[in-house]
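# Survey of secondary and tertiary structure
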Amino acid sequence: MSVHFVGAGPGAADLITLRAARLLAEADVVLYPGTYIDAEVLGHCRPDARLVDTQKLDLDEMTAVMADAHGAGLDVVRMTSGDPSLYSALHEQGRRLDAAGVPWDVTPGVPAYAAVAALIGRELTVPLVAQSVVLTRTQARSTAMPEGESLSAYAATGATLVLHLAITRTRDLMAEVAPHYGTDCPVVVVHRATQPGEVVLRGTVGDIADQVEAAGLRQAAVILVGRALADAGAGESWLYSVGRTRA
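Rules and cut-offs
- Residues numbered from 1 in each chain as written.
- Predicted model: local features only at pLDDT ≥ 70, side-chain atom pairs only at ≥ 80, totals over all residues.
- Heavy atoms only, no water.
- UniProt positions renumbered as here; feature names shortened; annotations may be inferred.
- Salt bridge = Lys/Arg side-chain N within 4 Å of Asp/Glu carboxyl O.
- Helix = DSSP H or I, 4+ residues; strand = E, 2+ residues; numbered from the N terminus.
- Buried < 20%, exposed > 50% of the residue type's maximum accessible area, 1.4 Å probe, protein only.
- Arc of directions from axis to C-beta.
- Contact = heavy atoms within 4.5 Å.
- Domains from an automatic or database assignment.
- Buried area = accessible area lost by both parts, 1.4 Å probe.
- Pairing = 2+ DSSP bridges.
- Axes fitted to C-alpha atoms, helices over the stretch in contact; angles between N-to-C directions.

- Going by the annotation in an unreviewed UniProt entry, the name recorded for the protein chain is Precorrin-4 C(11)-methyltransferase, with Nocardioides humilatus given as the source organism.
- Listed in UniProt under the heading Sequence similarities (unreviewed entry), the comment for the protein chain reads: "Belongs to the precorrin methyltransferase family."
- Per UniProt, the protein chain carries the Pathway (unreviewed entry) text "Cofactor biosynthesis; adenosylcobalamin biosynthesis."

In structure tokens, the structure reads:
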């Protein structure tokens, strides 16, 4: 038996992969982050599966649940919001499971930023506007950021920014990126993308903080910043150009 780290996607029960649905249907024990996972996603689990909300557990307590279940010969799914490759504590949990001799694997999921881009109908890499996407967060009451990974440095590139775990600092962050993007640069904030209670805010670097504060958003939100979010002013891809010679 193994521990399966499974990306639960952005929230909608039908935005998980076929593999994820199969693993959930087979699991004896399912650990899930109750702060981020909508209850409908748990509908993929067996009625008799043991469901463990991890939002009040530390890493050692989570590991103990997984290791004990593995020792009892049970199949375990550890669900993460979005995709396990981003802000999921996969590294820390995997290291603990390795030390305990517990095998594990990973099933990817739809990341929240991709769900947000789909929701607003925008490509984040628009020709001649932005060809890079920066996925990052900021530090408040959280782990320190590595030296050199400053928001202003990323903003200087002009790439499309995706800010996770940052909604409570929206005003400060917009002040930091304003010199690089301008106060008129488009910004989109989505709270609980694809879930019941979804909130979509569209604004600019100059006014989005007012909207976020008025809406009372405190968690489970993604912030997108960049000119690629605009309706006009984009170029066209050379790959699909009518002027390109095709062999």
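Text resumes after the structure shown.
## Focus on the pattern of salt bridges
- Per the stated rule, a full pass over the model turns up seven salt bridges.
- Here D60 and R96 are joined by a salt bridge, their closest N and O atoms 2.8 Å apart. Taken as a pair, D60 in helix α2 (residues 59-71) and R96 in helix α3 (residues 90-99) lie far apart in primary sequence, 36 residues in all.
- Overall, the relative accessible area of 48% leaves D60 in the partly exposed class.
- Judged by its relative accessible area of 25%, R96 is partly exposed.
- Linking R171 and E213 is a salt bridge whose minimum nitrogen-to-oxygen distance equals 2.9 Å. Residue R171 is found in helix α6 (residues 170-181), and its partner E213 is found in helix α7 (residues 208-215); the two are separated by 42 residues along the sequence.
- Looking at R171, the relative accessible area reads 41%, which means it is partly exposed.
- When salt bridges with common partners are traced through the structure, they connect D28, R46 and D48 into a single cluster.

## Overview of helix α1 (residues 18-26)
- Along α1, the residues that are buried comprise A20, L23 and L24. Taken down its axis, α1 places every buried residue within 100 degrees of arc, on the same side.
- Of the surrounding elements, those touching the buried residues of α1 are β1 (3-7), β2 (29-32), β4 (76-80) and β5 (104-107).

## Observations concerning the domain arrangement of the protein chain
- Its domain assignment divides the protein chain into domain 1 (3-107) and domain 2 (112-229).
- Computed from C-alpha atoms alone, the centre-to-centre distance between domain 1 and domain 2 is 28 Å.
- Contacts between the two partners involve 10 residues from domain 1, matched on the other side by 15 residues from domain 2.
- Approximately 990 Å² of surface area, both sides summed, lies buried where domain 1 meets domain 2, with 62% of it carried by carbon and sulfur atoms.

## Regarding the pairing of strand β10 (residues 221-225)
- The buried fraction of β10 is high, at five of five residues.
- Residues A221, I223 and V225 line one face of β10 and the alternating positions V222 and L224 line the opposite face, and both faces are buried.
- In the sheet, strand β7 (residues 160-164) pairs with β10 via three bridges, with the strands oriented antiparallel. Paired with L161 across the two strands is V225, which belongs to β10.
- Where strand β8 (residues 186-191) lies against β10, five bridges are found, and the strand directions are antiparallel. The residue of β10 that forms the bridge with V188 is L224.

## Examining the sheet that holds strand β3 (residues 50-53)
- A sheet is described by the order of its strands in space; here five strands give the open sequence β3-β2-β4-β1-β5, paired in parallel fashion. Of all the strands in the sheet, the pair left with one neighbour each is β3 and β5. For this sheet, the mean angle separating the axes of adjacent strands, direction not counted, is 20 degrees.
- Across three bridges, the pairing between β2 and β4 is parallel. Looking at the pairing, V29 lines up with V76 of β4.
- Sheet strands touched by α1: β1, β2, β4 and β5. Its angle to β1, the strand with the most contacts, is close to 135 degrees.

## Observations regarding unusual backbone geometry
- At A89, a residue that is not glycine, the phi angle is positive and equals roughly 60 degrees.
- Inspection of the secondary structure puts A89 in the loop between β4 and α3.
- A positive phi is found at T194, a non-glycine position, where the angle reads about 70 degrees.
- Within the element layout of this structure, T194 appears in the loop between β8 and β9 (199-204).

## Observations regarding the sheet that holds β9
- The strand order β6-β7-β10-β8-β9 describes an open sheet built from five strands, whose pairing is mixed. Unpaired on one side and paired on the other, β6 (133-137) and β9 mark the two borders of the sheet. Shown here is a sheet whose adjacent strand axes are inclined to one another by a mean of 15 degrees, direction ignored.
- Strands β6, β7, β8, β9 and β10 of the sheet are contacted by helix α4 (residues 112-120), whose axis makes an angle of about 115 degrees with β8.
- With respect to the sheet, α7 is in contact with β8 and β9, its orientation differing from that of β9 by roughly 155 degrees.

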